[in-house]
Amino acid sequence: MLAVTAISLTLRGAIYCPSHFGINRIENPLILMANLDPGTPFPLRVLGAPRQVLILILYDSKTAIAIRYKRDYAEDDNTMRGKLVYPYSDALLQYEFKKDHPLKPDRLKLTYELSKQLGLLDKVKQIEPKVATRQDLELFHTPEFIDAVISCGKQACASLRYGLGTPDNPIFPRIYDAAARYVGATLEGMKEIMAGASNAFCISGGLHHAQRSRASGFCIFNDIAIAIMQLLNKKKCKVLYLDIDAHHGDGVQNAFYRSKDVMTISVHQSGKTLFPGTGNVYEAGGAEGVGYSVNVPVIPGAGTIELVRILNEVIVPLFESFRPNLLVTQLGVDGHFMDPLAHLAYTSHAYETVINKMKDLTGEYCDIGWLAVGGGGYHPVNVARLWTLFLALMLDEEVPQKFSDDFILACNNMGYDRCPEGMRDNNDVEQMYYSREDVTLDLDRQIRKIEEIIFPYHGL
Ligand SMILES: [Zn+2]
């Protein structure tokens, strides 16, 4: 009979151990160790929430292999999993199509200001985003399209073929640098995760409409597809991409349509009533990726009840059966009832439920981590308080309900006086657009189709 001994101890000093992407230095780790024959299935489960746990299999007194990290936030910077990574600098504000364009850089500026005022940025590792290299962009985009963006930045141009110079995507000075810096921000977040960080929140990222050879829907380059490609080039693993923006995540879906390494789930207002027009449940993936593109369209007026129901009946079962190594979430907030562009009625409570669940599931399944990006959201103050709330949830920090006078002053100074009432919505929203009965019946139908078309590929 196999003799198994297990001990736990806190080691003073540092140890080195292999991770997905190399050797990591870990300070003062709490270690659970078991003495087993090589190849024996590991019997221990780690319970509770210690700061950092390594499970090591000891082959002999000198050789150990770390098989799993329990991720949790560590108290100091020097630790392997470290702080949440937050790529931000004011240089990101240069991504501005026109003064009257709905994608306003103030969304980012106000989010940053509010998060800072609430002390949340003291808990993160802020990094300055670099401009992505051409080589990075070519992980997803064609050289011809990249050339078109470069040349449009030098002179006024319109190229319908490449989606540039259109009303959605007007040309602006230094468009190439600005768009490549957005990619750089998300890519830096991904690289930090690949180097051992648990999670990152890139508020400037989430340009999910950009296609391989065409700008689309305010998106020049697709930071999400590029970041995922970067990871997959380095490591064979499974990525779950969850997109709760009001618009279909078409660019990311298309990028991985034939892959079963990346499952894309997009919850969005139906393409029958909103850009980009795609995202019905029958777009289920191609070739070996059939069953790995998941679309949940909802009709105008769908709100908190629907989003939470989709979470419980579609997202969680697929998450648990797919068991991704990395979660990527596109957290566009244009589905909020205050948003001027779409016609959904989510509240802060809906988003909070989704994010808390993703946090739990990531802790349980995702050994590589969680990359969160921003996305849509066109009421800048509303965006700022929601993304700040999301950051607080990811950090396990409390935030006060009332805005500080400083934040209200910052809003007023930037010309925004129609403020939400506080960090979280107070009341339920009155039914908008379609009746509640119609919204429910339509979602019943969509979920039934998903259960028929998608679930059988996952043993559900
Ligand atoms: Zn959107």
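Thresholds, definitions, all that
- Residues numbered from 1 in each chain as written.
- Predicted model: local features only at pLDDT ≥ 70, side-chain atom pairs only at ≥ 80, totals over all residues.
- Helix = DSSP H or I, 4+ residues; strand = E, 2+ residues; numbered from the N terminus.
- Buried ≥ 20, exposed ≤ 12 C-beta atoms within 10 Å, placed from the backbone.
- Contact = placed C-beta atoms within 7 Å.
- pLDDT = per-residue confidence, 0-100.
- Expected span 1.5 Å × (residues − 1).
- Arc of directions from axis to C-beta.
- Pairing = 2+ DSSP bridges.
- Right-handed = clockwise from strand over helix to strand, strands pointing away.
- Core = buried A, V, L, I, M, F, W, Y, C linked by C-beta atoms within 7 Å.

(A) Expanded view of the overall build of the chain. A count of helices and strands for the chain gives 11 helices and 14 strands. In the chain, which comprises 460 residues, the proportion classed as buried is 48%. Within the chain, contacts between residues separated by at least 24 positions form 71% of all contacts whose residues are at least 6 apart in sequence.

(B) Structural context of the confidence of the model for the chain. Summing up the model confidence of the chain, the mean pLDDT is 86 and the portion of residues at 70 or higher is 82%. Per-residue pLDDT stays below 50 along residues 36-52; that stretch engages in 33 contacts with residues further than four places along the chain or on separate chains. With pLDDT under 50 throughout, residues 67-80 is counted as low confidence; its partners more than four residues away or in other chains account for 37 contacts.

(C) Just helix H8 (residues 348-365), in detail. Between the first and last C-alpha of H8 there are 25 Å, a value that for 18 residues agrees with the 26 Å anticipated at 1.5 Å per step. The complete set of buried residues in H8 reads Ser348, Ala350, Tyr351, Val354, Ile355, Met358 and Thr362. Projected down its long axis, H8 shows its buried positions confined to an angular sector of 155°, all on one face. Turned more than 90 degrees away from the buried face of H8 sit Asn356, Asp360 and Glu364, all of them exposed. Buried residues belonging to H8 abut helix H7 (304-322), strand S13 (326-330), strand S14 (369-373) and helix H9 (380-395).

(D) Main features of the pairing of S14. Across the five residues that make up S14, a large majority, five, are buried. Of the two faces of S14, the one lined by Gly369, Leu371 and Val373 and the one lined by Trp370 and Ala372 are each fully buried. As paired strands, S13 and S14 are joined by five bridges and run parallel to one another. Paired with Thr329 across the strands is Ala372, a residue of S14. After leaving S13, the chain enters H8 and then returns to the sheet as S14, a path that is right-handed.

(E) Summary view of the environment of Lys125. Take Lys125: it is sitting in strand S8 (residues 124-127). When the C-alpha positions of Lys125 and Val85 are compared, they lie 4.8 Å apart, and in sequence the two are 40 residues distant.

(F) Quick look at the nonpolar core. Val149, Ala179, Phe221, Ile226 and Leu371 are the most contacted members of the largest nonpolar core, which has 124 residues in total. Once residues lying within four places of it in the same chain are set aside, the contact partners of Ala179 are Tyr95, Val149, Ile220 and Phe221.

(G) Broad picture of unusual backbone geometry. Residue Pro276 follows Phe275 across a cis peptide bond; omega there is 0°. Along the polypeptide, Pro276 turns up in the loop between strand S11 (262-269) and strand S12 (293-298). Positive phi outside glycine occurs at Phe218, with the angle close to 75°. At Arg323, a residue that is not glycine, the phi angle is positive and equals roughly 50°.

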